[in-house]
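Chains, contacts and geometry: an overview
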Amino acid sequence: MPKSKRDKKISLTKTTKLGSKLKQSVMENLREAVNKYEHIFVFHTDNMRNGKLKDVRNEWKDSRFFFGKNKVMSYALGKSAQDEIQTNLHKLALQIEGQCGLLFTNRPVDDVIEWFDNYSEPEFPRAGIRAAYTVTLDEGPLPDTFIHSMEPSLRQLGLPTTLQRGVIQVLKSHTICKEGSVITPEQSRLLKLFGHKMAEFKIVLRYVWSKDGQFWPLVEG
């Protein structure tokens, strides 16, 4: 009778840096999750925010999310047919690359896909992404929420401002960002101050593996 793959022990001697107790613990937890859950998804996040991710975890308390070093997660699952701990699991392990995570769940695959397709949360843009639309400030006073002590900081961020009788004034019309342009750190700060959530926190499911051995991509590219 052939030995079950779930009983397979993966040696850490293949790499010299995977021998710590912490990494060993992570790998053991991953293997336990493989036995406990029916499906594993590889996902990437757009505009990662820890607070938003915590909210998602709360919505999925019956499932489990894993983040960690890709090499550790890949070796835990098995990167080849000889090392994998379940049938065809190496195909998923080979897709663990870049900024990604793993979702272990017993929910039906179609339900998981539908939930994440419909889930997104608006967020303030960080530097390096492209502006979704143009933002321009008109000449004149800023709202009372901008207290007088903020004026020097606004000037440092590139706004043409001055202080008149305790009120911050924009001296001339100023474009904070143009649609399609790459946002700078200063622009990112200004967009947050003026309440422009033009980014989106979203979890994108890319691959799924099921305990029956099926594996398939969920997005192109």
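Keep in mind the model is a prediction, meaning the values are calculated, not measured.

As recorded in UniProt, the feature "domain: Large ribosomal subunit protein uL10-like insertion" (unreviewed entry) lies at residues 126-195. Within the segment residues 126-195, helix and strand shares are 21% and 24% respectively, and the terminal C-alpha atoms sit 13 Å apart.

Time to look at the pattern of salt bridges. In total, this model carries three salt bridges according to the counting rule given. Arg155 is the partner of Glu151 in a salt bridge, and the nearest nitrogen-oxygen pair spans 2.6 Å. Of this pair, Glu151 and Arg155 both sit in helix H6 (residues 151-156), four residues apart, which is roughly one turn of the helix. We classify Arg155 as partly exposed; its relative accessible area is 44%.

With respect to the secondary-structure elements, Thr45 resides in strand E1 (residues 39-46). On the basis of relative accessible area, Thr45 is assigned to the partly exposed category, the value being 22%. Each C-alpha atom, one on Thr45 and one on Glu200, is 9.9 Å from the other, the two residues being 155 residues apart in sequence. Thr45 has contacts with Lys202 and Ile203, leaving out every residue within four places of it along the chain.

Let's shift gears to the confidence of the model for the protein chain. As a note on interpretation, predicted positions should not be read in detail where pLDDT is low. On average, residues of the protein chain score 89 in pLDDT, and 90% of them are at 70 or above. Taken as a whole, residues 10-16 scores under 50 in pLDDT and shows 15 contacts with residues more than four places along the chain or in a different chain.

This next bit is on the sheet that holds strand E8 (residues 167-170). The three strands lie next to each other as E6-E8-E7, forming an open sheet whose pairing is antiparallel. Here the strands that pair on one side only, and so sit at the sheet edges, are strand E6 (140-141) and strand E7 (161-164). Bridge count between E7 and E8: four bridges; the pairing is antiparallel. Bridging from a neighbouring strand, Thr161 pairs with Val170 of E8.

Once that is clear, we can look at a negative patch on the surface. A surface patch of negative charge is lined by Asp110, Asp111, Glu114 and Asp117. Mapping Asp111 onto the fold places it in helix H5 (residues 109-118). On the basis of relative accessible area, Asp111 is assigned to the partly exposed category, the value being 42%.

The subject of this paragraph is the nonpolar core. The tendency in soluble globular proteins is for nonpolar side chains to be buried as a group. Ranked by internal contacts, the top residues of the largest apolar core, which has 23 residues, are Ile40, Leu77, Leu89, Leu92, Leu102 and Phe104. At the level of elements, helix H1 (21-36), E1, helix H3 (70-77), helix H4 (89-93), strand E3 (100-105) and strand E10 (199-210) are the ones that each hand at least two residues to this core. At five residues, the largest contribution of residues to this core is made by H3. Setting aside residues no more than four positions away along its own chain, Leu89 makes contact with Val34, Ile40, Leu77, Gly78, Glu84 and Trp209.

What counts and how
- Residues numbered from 1 in each chain as written.
- Predicted model: local features only at pLDDT ≥ 70, side-chain atom pairs only at ≥ 80, totals over all residues.
- Heavy atoms only, no water.
- UniProt positions renumbered as here; feature names shortened; annotations may be inferred.
- Helix = DSSP H or I, 4+ residues; strand = E, 2+ residues; numbered from the N terminus.
- Salt bridge = Lys/Arg side-chain N within 4 Å of Asp/Glu carboxyl O.
- Buried < 20%, exposed > 50% of the residue type's maximum accessible area, 1.4 Å probe, protein only.
- Contact = heavy atoms within 4.5 Å.
- pLDDT = per-residue confidence, 0-100.
- Pairing = 2+ DSSP bridges.
- Patch = residues over 30% accessible without salt bridge, like charges linked within 9 Å, V, L, I, M, F, W, Y side chains within 5 Å.
- Areas by Shrake-Rupley, 256 points an atom, 1.4 Å probe, with all protein chains shown as cover.
- Lys, Arg positive; Asp, Glu negative; His and termini not counted.
- Charge placed at Lys NZ, Arg CZ, Asp CG, Glu CD.
- Core = buried A, V, L, I, M, F, W, Y, C linked by side-chain atoms within 4.5 Å.

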